[in-house]
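As a plain string of letters, each chain reads:
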Amino acid sequence: MRVGVVGGGIAGLSCALSLHAAGFRPWVSESARTIEAVGVGINLLPHAVRELAELGLAEELAAIGLAPQRLRYYDRSGAPVWEEPVGTAAGYRWPQYSVHRGRLHTLLLAAVRERLGPDAVRTGRRLRHFEAVPGGVRAHFLDRPSGAVAVEEAEVLVGADGIDSVVRAGLHPREGAARRHGVVMWRGVAPHPRLLDGRSLVVAGGTPGAKFVAYPIAPATGPGEDLLNWVLEVPDEPPAAVPGHCAAPADVRLVTAAEARARVREWQLPWIDLPALVGRTATVLAYAMVDRDPLPSWSEGRVTLLGDAAHPMLPMGMNGGSQSVVDARVLAWCLAREADPVAALRTYDELRRPVLNELVLANRALGPEEIIARAAEHEGAFPAERAAALSQRYKKLSLATVADVNDRPSWTVPRSEAR
């Protein structure tokens, strides 16, 4: 079966690898003219690392990522609220990895080209529209370098083209733009002296628009230093200060050094030198915090959605990218198990969409970071058992408890069933 994947990001490349492992012949079309190692940090949670390991990428991931051991929550003053082990320290059979997004993207792209061929990913092709044809889907692309129209056909078309997905707009043309939430994330990467024990993720503040996040993603060149990914949430700038739908949710702007210095002066965290961190950051970019409302369906006929195209969510819980990897594996499994592609996409929709719709809404309600918000309301020390219960509730919702990840059957398609 020929499967077309629109989008060459982490979700789309994971989908191509998963489909190939299940015996399919996917092609990938990416709008960008070139795929470059850009971006900041991302966390791959154990449920995603398991899937990539089962695709044969365990050693490659270990070579580019750092495996954190603890998640630590702090209040606005930097006082500890609660902490818990993560990854193998929490009992998972697979680690959690903090990694530079660009390095992960490069790893997946290299694997796709090695396994599927050098021409498996076609860059510079922007999807314009698609239509059903007998036995498949016809997709029309603008070839950006030449300006010509390119037409591709596939028996199944997968939209993995992000929050502003053209495929999603084709399936749900009345949906409109993404939704802003009154928060902008200032993001950067810089070398910094080892933070705490050097293997912790820290979240301080907790309330949207007044939160700081940091974690190491690679060793730095200096002795005793790591390359630190950091995020500072600030209130959204006019004219989009009121939460609601926005015309250009994907806009990114450069934050000036003066702006960054002024904003971090508002924070006094005893375990990190924020002015020094900002001073060593080459580029600070501002991203609006956006998501979309859950959909009543991801699939129609032989077309479906995956990753941010299906379930763009707020970053609480560091779960969006990880769930995209799981999407890819489940989709490939469904297509391999069902003779009828339409029925396979219906099964995929039934397995993934209800879970992810709930997760999108849970992240709007702060996800596991509700712990910090509750602690701010609580007089005295926040009870550890309540914090643990909130964290476990979120993991259950994500199908990502230790038991869920360690004990469930594999999504790997046996060779005897591969197409």
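Residues numbered from 1 in each chain as written. Predicted model: local features only at pLDDT ≥ 70, side-chain atom pairs only at ≥ 80, totals over all residues. Heavy atoms only, no water.

Colleague: What am I meant to see in the side chain of Asp226 here?
Modeller: If you trace the backbone, Asp226 turns up in strand β15 (residues 225-235). For Asp226, the side chain forms a polar contact with the side chain of Arg194, separated by 3.1 Å. Ignoring sequence-local partners within four residues, the contact set of Asp226 consists of Ala190, Pro191, His192, Arg194, Gly198, Arg199, Pro216, Ala218, Pro219 and Ala220. (Helix = DSSP H or I, 4+ residues; strand = E, 2+ residues; numbered from the N terminus. Polar contact = N/O pair within 3.5 Å; in protein donor to acceptor, adjacent residues only side chain to side chain. Contact = heavy atoms within 4.5 Å.)

Colleague: Hey, could you run me through helix α1 (residues 10-21) in this one?
Modeller: Two residues of an α-helix separated by three or four positions point the same way, owing to the 3.6 residues in each turn. With 12 residues, α1 ought to run about 16 Å at 1.5 Å a step, and its terminal C-alpha atoms sit 16 Å apart, in line with that. For α1, a buried count of 10 out of 12 residues is recorded, marking the element as mostly surrounded by other parts of the structure. All of the buried residues in α1 are Ile10, Ala11, Gly12, Leu13, Ser14, Cys15, Ala16, Leu17, Ser18 and Leu19. Just downstream of α1, Gly23 is the residue with a positive phi angle, here 95°. (Expected span 1.5 Å × (residues − 1). Buried < 20%, exposed > 50% of the residue type's maximum accessible area, 1.4 Å probe, protein only.)

Colleague: Looking at this structure, I do not really get the environment of Arg138. What am I missing?
Modeller: With respect to the element layout, Arg138 can be found in strand β9 (residues 136-143). With 19 residues separating them along the chain, Arg138 and Leu157 place their C-alpha atoms 8.6 Å apart. With sequence-adjacent residues up to four places away left out, Arg138 is seen in contact with His129, Phe130, Glu131, Val133, Val151, Glu152 and Glu153. Engagement of the side chain of Arg138 in a polar contact is seen with the side chain of Glu153, the distance being 2.7 Å.

Colleague: Please explain the sheet that holds strand β8 (residues 125-133) as it appears in this structure.
Modeller: Pairing between the strands of a sheet is mediated by backbone hydrogen bonds and can be parallel or antiparallel. Sheet architecture is open: three strands sit in the order β8-β9-β10, paired in antiparallel fashion. Each edge of the sheet is formed by a strand with only one pairing partner; in this case those strands are β8 and β10 (149-154). Adjacent strand axes in the sheet meet at a mean angle of 25° when their direction is disregarded. Sheet topology places β8 next to β9; eight bridges connect them, and they run antiparallel. (Pairing = 2+ DSSP bridges. Axes fitted to C-alpha atoms, helices over the stretch in contact; angles between N-to-C directions.)

Colleague: How should I be thinking about the pattern of salt bridges in this particular structure?
Modeller: Opposite charge on two side chains permits pairing when their charged atoms draw close. This model, assessed by the stated rule, comprises 30 salt bridges. Ionic pairing is found between Arg138 and Glu131, a salt bridge with its closest N-O pair at 3.5 Å. Glu131 gets classed as partly exposed once you look at its relative accessible area, which sits at 27%. Arg199 is paired through a salt bridge with Asp226; the nearest N and O atoms lie 3.9 Å apart. Residue Arg199 is located in the loop between β12 (179-193) and β13 (200-207), and its partner Asp226 is located in strand β15; the two are separated by 27 residues in the primary sequence. Judged by relative accessible area, Arg199 falls into the partly exposed class, the value being 28%. Among the ionic contacts, a cluster of salt bridges with common partners joins Arg50, Glu51, Glu54, Arg329 and Arg408. (Salt bridge = Lys/Arg side-chain N within 4 Å of Asp/Glu carboxyl O.)

Colleague: I keep staring at the packing of aromatic side chains and nothing clicks. Help me out?
Modeller: Any two aromatic rings considered together are summarised by their centre-to-centre distance and by the angle between their planes. By the definition in use, this model includes four aromatic pairs. Centroid distance Trp298 to Tyr348: 5.7 Å. Interplanar angle 55°. Geometry classified as tilted. With Trp298 in the loop between β18 (284-291) and β19 (303-305) and Tyr348 in helix α9 (residues 341-364), this residue pair connects regions lying 50 residues apart in the sequence. Between Trp333 and Trp411, the ring centres sit 5.1 Å apart and the planes meet at 75°, which makes this aromatic pair edge-to-face. With Trp333 in helix α8 (residues 320-337) and Trp411 in the segment after α12 (402-407), the pair connects residues that are 78 residues apart, well separated along the chain. With a relative accessible area of 18%, Trp411 lands in the buried category. One residue, Arg76, lies across the ring of Trp267, its end atom 3.8 Å from the ring centre. (Phe/Tyr/Trp six-rings, centres within 6.5 Å; stacked < 30°, edge-to-face > 60°. Lys NZ or Arg CZ within 6 Å of the ring centre and 35° of its normal.)

Colleague: Just checking my understanding: could you explain the packing of α1 against helix α4 (residues 101-116) for this structure?
Modeller: Each pair of packed helices gets described by two things: the angle between the helix axes and the distance between those axes. Packing of α1 against α4 leaves a shortest axis separation of 9 Å and a crossing angle of 30°. When the axis of α1 is compared with that of α4, the two are roughly parallel. Crossing hand, α1 versus α4: left-handed. On α4, the residues that touch Ile10, Leu13, Ser14, Ala16, Leu17 and His20 of α1 are Arg101, Leu104, His105, Leu108, Leu109, Ala111, Val112, Arg115 and Leu116. (Parallel < 35°, antiparallel > 145°, perpendicular 65-115°, else oblique. Left-handed = near helix turned anticlockwise from the far one by under 90°.)

Colleague: Just to check I follow, could you spell out the pairing of β18 for this structure?
Modeller: Walk down a regular strand and you will see the side chains alternate between the two sheet faces. Of all eight residues that make up β18, six are buried, and the element is covered over most of its length. The pairing of β12 with β18 spans six bridges and is antiparallel. When the sheet's bridge partners are listed, Trp186 is paired in β18 with Ala286. Of the strand pairs in this sheet, strand β17 (residues 252-255) and β18 are connected by four bridges, and their pairing is antiparallel.

Colleague: It is not clear to me how the confidence of the model for the chain should be interpreted in this structure. Could you clarify?
Modeller: Keep in mind that low pLDDT regions are not for reading the predicted coordinates in detail. Here the chain averages 92 in pLDDT, and 95% of its residues register 70 or above. Here residues 239-250 is a poorly scored stretch, pLDDT under 50, and it has 22 contacts once near neighbours within four places are set aside; other chains count. (pLDDT = per-residue confidence, 0-100.)

Colleague: Help me understand the sheet that holds strand β11 (residues 156-159), please; the structure alone is not making it clear to me.
Modeller: Taking strand neighbours across the sheet as the criterion, the five strands line up as β7-β2-β1-β11-β19 in an open arrangement whose pairing is parallel. Strands with a single pairing partner mark the edges of an open sheet, and in this sheet they are β7 (121-122) and β19. Two elements, strand β2 (residues 25-29) and β7, share two bridges in a ladder whose sense is parallel. In the strand pairing of β7, Val28 is matched with Val121. The sheet contacts of α9 involve β11 and β19, and relative to β19 the element is tilted by about 20°.

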